[in-house]
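Secondary and tertiary structure notes
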Amino acid sequence: MTKKLISATDSPGAVGRLVWSLLAEGAERARSPWHTAVLSTVSDGLPQLRTVVLRRVIGQRRLLMCHTDRRSPKAGQIGASAALAWLFYDPVHKLQLRVSGQGRVLDDYDPLTSEQWHRSRVGSRRCYLAPLAPGTPCDVPESGLPRAPLTGSLTREQSEAGRVNFAVVACEASTMDVLQLGAHGHLRLRLQWTAAGSEAGWVAP
Ligand SMILES: Cc1cc2nc3c(=O)[nH]c(=O)nc-3n(C[C@H](O)[C@H](O)[C@H](O)COP(=O)(O)O)c2cc1C
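Throughout what follows, the structure given in this document is the object of discussion. Predicted model, so just to flag it, every value in this text is computed and none were measured.

**Things to note about the nonpolar core**
Ranked by internal contacts, the top residues of the largest apolar core, which has 31 residues, are Leu23, Trp86, Phe88, Leu97, Met176 and Val178. Those elements that place two or more of their residues in this core are α1 (12-28), β1 (36-43), β4 (63-69), β5 (83-90), β6 (95-105), β7 (166-180) and β8 (187-194). When residues of this core are assigned to their parent elements, the largest contribution, six residues, is made by α1. Setting aside its immediate chain neighbours within four residues, Met176 contacts Val19, Trp20, Leu23, Leu97, Arg98, Val99, Leu189, Arg190, Leu191 and Trp193. Ranked by size, the runner-up nonpolar core spans 10 residues in total, among them Ile58, Leu63, Met65 and Ala170.

**As for the packing of aromatic side chains**
Under the definition given, this model contains six aromatic pairs. Between Trp117 and Tyr128, the ring centres sit 6.3 Å apart and the planes meet at 70 degrees, which makes this aromatic pair edge-to-face. Placement of the pair is Trp117 in helix α3 (residues 111-119) and Tyr128 in the loop between α4 (122-125) and α5 (156-159), with a sequence separation of 11 residues. Across the pair, exposure class does not vary: Trp117 and Tyr128 are buried alike. Seen from their ring centres, Tyr128 and Phe166 are 5.3 Å apart, and the 85 degrees between their planes marks the pair as edge-to-face. Taken as a pair, Tyr128 in the loop between α4 and α5 and Phe166 in strand β7 lie far apart in primary sequence, 38 residues in all. For Tyr128, a relative accessible area of 8% puts it in the buried group. Its end group placed over the ring of Trp117, Arg125 keeps NZ or CZ at 3.9 Å from the ring centre.

**Side note on helix α2 (residues 73-80)**
Within α2, the full set of buried residues consists of Lys74, Ala75, Gln77 and Ile78. Burial along α2 is one-sided: seen end-on, the buried residues are contained in an arc of 160 degrees. Of the residues in α2, the exposed ones pointing more than 90 degrees away from the buried face are Gly79 and Ala80. For α2, the elements touching its buried residues are β1, β2 (46-53), β4, β5, β6 and β7.

**A word on the pattern of salt bridges**
Using the criterion set out here, one finds 10 salt bridges in the structure. Across the pair Arg56 and Glu115 runs a salt bridge whose closest N-O atoms are separated by 2.5 Å. One end of the pair, Arg56, is in strand β3 (residues 56-58); the other, Glu115, is in helix α3, with 59 residues separating them in the sequence. Of the residues examined, Arg56 reaches a relative accessible area of 14% and is grouped as buried. Here Glu115 falls in the partly exposed class, since its relative accessible area comes to 36%. The shortest N-O distance in the salt bridge between Arg190 and Asp177 comes to 3.9 Å. Of this pair, Arg190 sits in strand β8 while Asp177 sits in strand β7, and the two are 13 residues apart along the sequence.

**Quick word on the site of the ligand**
Every residue near the ligand is listed here: Arg50, Thr51, Val52, Val53, His67, Thr68, Ser72, Pro73 and Lys74. Taking Arg50, its side chain carries an N or O atom lying 2.7 Å from an oxygen atom of the ligand. A distance of 2.8 Å is found between a nitrogen atom of the ligand and a backbone nitrogen or oxygen belonging to His67. Expressed as a share of its isolated accessible area of 620 Å², the protein-covered part of the ligand is 56%. Within the residue set of the shell around the ligand, elements represented by two or more residues are β2, β4 and α2. At four residues, β2 tops the list of elements feeding residues into the shell around the ligand. Grouping the constituent residues of the shell around the ligand by class yields three nonpolar, four polar and two charged.

So, how was this worked out
Residues numbered from 1 in each chain as written. Predicted model: local features only at pLDDT ≥ 70, side-chain atom pairs only at ≥ 80, totals over all residues. Heavy atoms only, no water. Core = buried A, V, L, I, M, F, W, Y, C linked by side-chain atoms within 4.5 Å. Buried < 20%, exposed > 50% of the residue type's maximum accessible area, 1.4 Å probe, protein only. Helix = DSSP H or I, 4+ residues; strand = E, 2+ residues; numbered from the N terminus. Contact = heavy atoms within 4.5 Å. Phe/Tyr/Trp six-rings, centres within 6.5 Å; stacked < 30°, edge-to-face > 60°. Lys NZ or Arg CZ within 6 Å of the ring centre and 35° of its normal. Arc of directions from axis to C-beta. Salt bridge = Lys/Arg side-chain N within 4 Å of Asp/Glu carboxyl O. Near = heavy atom within 4 Å. Polar contact = N/O pair within 3.5 Å; in protein donor to acceptor, adjacent residues only side chain to side chain. Areas by Shrake-Rupley, 256 points an atom, 1.4 Å probe, with all protein chains shown as cover. Nonpolar A, V, L, I, M, F, W, Y, C, P; charged D, E, K, R; others polar.

In short, shape yes, function no, at least from these values alone.
Right, here's the structure in full:
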């Protein structure tokens, strides 16, 4: 039997707080089902989806962040259209979360970019050393990783060369749609933040 995280006796405010704490846990804990998400950008009017790792959540600022290669197509797409959407699903608790908001690729000199780079593990930095930008056509199958001498274990010092390609995508959430599946009926809550304030209410699933 599924252990539900949200029940009909919860207040909308309590659900909102729970969701932000689950997101924070998703960013911190690799085993959390919300550690990875599907992130959607818009390109030429079409949605573009991909899996990303949720790297940091700042609840007070409603910020969700992931890391990416500054040269990647998604970075360009976010520059052209700030509209972002995230999709999370916890299959154990049967809890779906959809988030949408305005995103930005943080500047190289933004303090959060430096903080996230310093927090990142050497192993995760390897991809930022790739000489080819993500999506570059290749004549042969290509891992994109650097040739020797960086093929073995990478030192922290060597990994610093990847900083130039490293970027943080930060999204300020403006809506959330929470869906708790249940054998005896689903529950769905919508949260919204505008300049006028925040709203939260149950909607039909
Ligand atoms: C489990 C998983 C986690 C991933 N995490 C990231 C990530 O955090 N950042 C990222 O840029 N790409 C990540 N990727 C790769 C993206 O899904 C995508 O293939 C790549 O970033 C190119 O996307 P783009 O062409 O839209 O820029 C991940 C892929 C998988 C399968």
